[in-house]
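Residues per chain are reported as follows:
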Amino acid sequence: MTEENRGKCLCEPCPTYNECMRAGDELLFCLTGRSPECTFEKKGCACPACPVFLALGLRKAYYCIKGPEGGQQ
Ligand code: SF4
Ligand code: SF4
């Protein structure tokens with residue numbers, strides 16, 4: 001299930017996705033949590049167009065920075 005979702009995750013082509021995240025092969029932040037080490041500049045978020053986002057009924061964005069929806073304020 002997670003592997004299947006990783007294949008659908010749109011983070012990799014997202015403009016906010018950076019070398020730090022790429023180096024850690026980090027994806028699927030909406031499920032696995034925010035990036036533990038990387039720092040960010042917000043440049044847009046591809047999540048609202050992602051099939052995982054739609055399938056899970058998510059409503060927010062920038063999961064790489066903010067973590068999964070349940071943990072957000
Ligand atoms: S969570 Fe959103 S902003 Fe972060 S890398 Fe993925 S698509 Fe881009
Ligand atoms: S909603 Fe965002 S973090 Fe979650 S799988 Fe899609 S692109 Fe990746």
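Here the structure is a predicted model, which is why all the values come from computation and not from measurement.

## Brief notes about the site of ligand 1
Near ligand 1 lie 13 residues; those nearest to it are C11, C14, T16, C45 and C64. Counted by class, the shell around ligand 1 contains twelve nonpolar, one polar and no charged residues.

## Concerning the site of ligand 2
Among the 14 residues in the neighbourhood of ligand 2, the closest are listed as C9, C30, C47, C50 and F53. Elements supplying a minimum of two residues to the shell around ligand 2: helix 3 (29–32) and helix 4 (51–56). Its residues assigned to classes, the shell around ligand 2 shows 13 nonpolar, one polar and no charged.

## Focus on the nonpolar core
Among the nonpolar cores identified, the biggest contains 14 residues, and C11, F29, C30 and C47 are the most heavily contacted of them. At the level of elements, helix 3 and helix 5 (63–66) are the ones that each hand at least two residues to this core. Those residues in contact with C30, other than ones at most four positions away along the chain, are C47, V52, F53, L58, Y63, P68 and E69.

## Comments concerning the confidence of the model for the protein
Looking at the protein as a whole, its pLDDT mean stands at 94, while 95% of the residues score no less than 70. Averaged pLDDT values over the elements of the protein bottom out at 93 in helix 1 (residues 2–8) and peak at 97 in helix 2 (residues 19–23).

Rules used in this analysis
Residues numbered from 1 in each chain as written. Chains lettered and ligands numbered in written order. Predicted model: local features only at pLDDT ≥ 70, side-chain atom pairs only at ≥ 80, totals over all residues. Near = placed C-beta within 6 Å. Nonpolar A, V, L, I, M, F, W, Y, C, P; charged D, E, K, R; others polar. Helix = DSSP H or I, 4+ residues; strand = E, 2+ residues; numbered from the N terminus. Core = buried A, V, L, I, M, F, W, Y, C linked by C-beta atoms within 7 Å. Buried ≥ 20, exposed ≤ 12 C-beta atoms within 10 Å, placed from the backbone. Contact = placed C-beta atoms within 7 Å. pLDDT = per-residue confidence, 0-100.

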